[in-house]
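Now for the letters of each chain:
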Amino acid sequence: MTRKPTLLFAFPALMLFLLAAERTATFLLGSYSASPTMWRIWLELRPFSTMFWQQVDFYLGGSMAIDAAIIVVASGVCWMACHAKRSAGFFLANHAALMFAGLMIAAGSRSETASTIANFTAPRGFQFSLAIDFSLKNCMVLCLGLAACAYCHVAFLREARLRAEARAVRILALQRDL
């Protein structure tokens, strides 16, 4: 099984597509604010990126051009990382996208009805709760992320094994020549 850069790029591309779709829906909601369909689309996309865009707008201003530039630059970086010769790039791109998806689902679910609320206690006794919405949509995104993570691990470990085998063959050839 050889590594396929397009498959490695699929999950980060999905996350970037969801971010872009939410920004587009927000823009169109401003133009068609009376449309129930636009509200429904925006409400479906909102939990994936609410906290991210709030932070971006707070620090960089509320410009849609800056938001589009962030998405274009991030997709370019992920595309180059997935096509790089070294395996660390695609490994980091996929895992960063998976952590981003988990964080956005967890953070976005606080404002919505949560199906699971777990109370945790930190080592010093500080209590906090974690509310995560395990809806079908969120579970599908997380399952796709875990599948991308598994594919990434298989590709990464296979390349490491091939490098080790090539190194062992070279060492054997050097030993034979000596």
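Keep in mind that what you see is a predicted model, and the values were worked out from it rather than measured. (Residues numbered from 1 in each chain as written. Predicted model: local features only at pLDDT ≥ 70, side-chain atom pairs only at ≥ 80, totals over all residues. Heavy atoms only, no water.)

Participant: I would appreciate a short explanation of the packing of helix H2 (residues 36-60) against helix H3 (residues 64-83) in the present structure.
Facilitator: Two elements in contact, H2 and H3, have axes separated by 11 Å at closest approach and are oriented at 120 degrees. Between H2 and H3, the angle is such that the two are oblique. Here H2 runs over H3; the crossing is right-handed. Contacts between H2 and H3 involve Phe52, Trp53, Val56, Asp57 and Leu60 from the first element and Ile66, Asp67, Ile70 and Ile71 from the second. Of the residues contributing to the contact of H2 with H3, the split by class is 7 nonpolar, no polar and 2 charged. (Axes fitted to C-alpha atoms, helices over the stretch in contact; angles between N-to-C directions. Helix = DSSP H or I, 4+ residues; strand = E, 2+ residues; numbered from the N terminus. Parallel < 35°, antiparallel > 145°, perpendicular 65-115°, else oblique. Left-handed = near helix turned anticlockwise from the far one by under 90°. Contact = heavy atoms within 4.5 Å. Nonpolar A, V, L, I, M, F, W, Y, C, P; charged D, E, K, R; others polar.)

Participant: What is the right way to look at the nonpolar core in this model?
Facilitator: Here is a general trend for soluble globular proteins: nonpolar side chains tend to be buried in one another's company. Core analysis: the largest hydrophobic core is formed by 24 residues, its most contacted members being Phe11, Met15, Leu18, Leu19 and Val141. Broken down by secondary-structure element, the contributors of at least two residues to this core are helix H1 (5-31), H2, helix H4 (88-108) and helix H5 (136-177). Examining the composition of this core, we find that 8 residues originate from one element, H1, more than from any other. Counting residues in hydrophobic clusters, the runner-up holds 10 residues, among them Cys78, Ala81, Phe90 and Tyr151. (Core = buried A, V, L, I, M, F, W, Y, C linked by side-chain atoms within 4.5 Å. Buried < 20%, exposed > 50% of the residue type's maximum accessible area, 1.4 Å probe, protein only.)

Participant: Got a minute to help me understand the state of the cysteines in this structure?
Facilitator: Among covalent bonds in proteins, the disulfide is the one between the sulfur atoms of two cysteines. Within this structure, the stated rule accounts for 0 disulfides. Looking at the unpaired Cys78, the closest cysteine sulfur is the one in Cys82, lying at 6.4 Å. Cys152 provides the cysteine sulfur closest to Cys149, a residue in no disulfide bond, and the two sulfurs are 6.5 Å apart. (Disulfide = S-S within 2.5 Å.)

Participant: It is not clear to me how the pattern of salt bridges should be interpreted in this structure. Could you clarify?
Facilitator: Think of it this way: side chains of opposite charge can pair up when their charged atoms draw near. Within this structure, the stated rule accounts for 4 salt bridges. Of the charged contacts in the structure, one is a salt bridge between Arg23 and Asp57, with a shortest N-O distance of 3.6 Å. Here Arg23, found in helix H1, pairs with Asp57, found in helix H2; they are 34 residues apart in sequence, far enough to count as distant. A relative accessible area of 12% places Arg23 in the buried class. The class for Asp57 is partly exposed, based on a relative accessible area of 25%. (Salt bridge = Lys/Arg side-chain N within 4 Å of Asp/Glu carboxyl O.)

Participant: Looking at this structure, how should I read the packing of aromatic side chains?
Facilitator: Aromatic ring pairs are defined here through the distance separating the ring centres and the angle between the ring planes. Using the criterion set out here, one finds 3 aromatic pairs in the structure. With a centroid separation of 4.9 Å and 80 degrees between ring planes, the pair formed by Phe58 and Tyr59 is classed as edge-to-face. By the burial criterion, Phe58 is exposed, and Tyr59 matches it. (Phe/Tyr/Trp six-rings, centres within 6.5 Å; stacked < 30°, edge-to-face > 60°.)

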